[in-house]
Amino acid sequence: MIQTKACCGICDEEKESGFYLYQLYICLECERQIVQAEPEQDIYQQFVKRLRGVRTETLYS
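Residues numbered from 1 in each chain as written. Predicted model: local features only at pLDDT ≥ 70, side-chain atom pairs only at ≥ 80, totals over all residues. Heavy atoms only, no water.

(A) Molecular detail of unusual backbone geometry. With a phi close to 60°, D12 is a non-glycine residue in the positive phi region. Turning to its location among the elements, D12 is positioned in the loop between β1 (6-7) and β2 (14-15). Backbone geometry places Y22, a non-glycine residue, at a positive phi of 55°. For Y22, the position within the fold is in the loop between β3 (18-21) and β4 (24-27). Residue classification places Y22 among the exposed residues on the basis of a relative accessible area of 52%. (Helix = DSSP H or I, 4+ residues; strand = E, 2+ residues; numbered from the N terminus. Buried < 20%, exposed > 50% of the residue type's maximum accessible area, 1.4 Å probe, protein only.)

Written out as structure tokens, the structure is:
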């Protein structure tokens, strides 16, 4: 878990507590909302759109 301020890729606010999912920083508040969201809720689709941009980096050997 990161303890420095970073801009959350979900809510676009600077938060102190969160983690990185590849290059996307997610605050703990948004993580809780993501986990609790049901697929039929509108907010669920917003989370899907934000998380869709997360990509792994290609490692070349």
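(B) Spatial organisation of the pattern of salt bridges. This model, assessed by the stated rule, comprises three salt bridges. The partner of R50 in a salt bridge is D12, with the nearest N and O atoms 3.1 Å apart. Remark: D12 occurs in the loop between β1 and β2 and R50 occurs in helix α2 (residues 42-52); sequence separation between them is 38 residues. According to the relative accessible area criterion, R50 is partly exposed, its value standing at 37%. Linking E13 and K15 is a salt bridge whose minimum nitrogen-to-oxygen distance equals 3.6 Å. Look at E13 and you get partly exposed, because its relative accessible area is 43%. The network of salt bridges with shared partners includes E13, K15 and E29. (Salt bridge = Lys/Arg side-chain N within 4 Å of Asp/Glu carboxyl O.)

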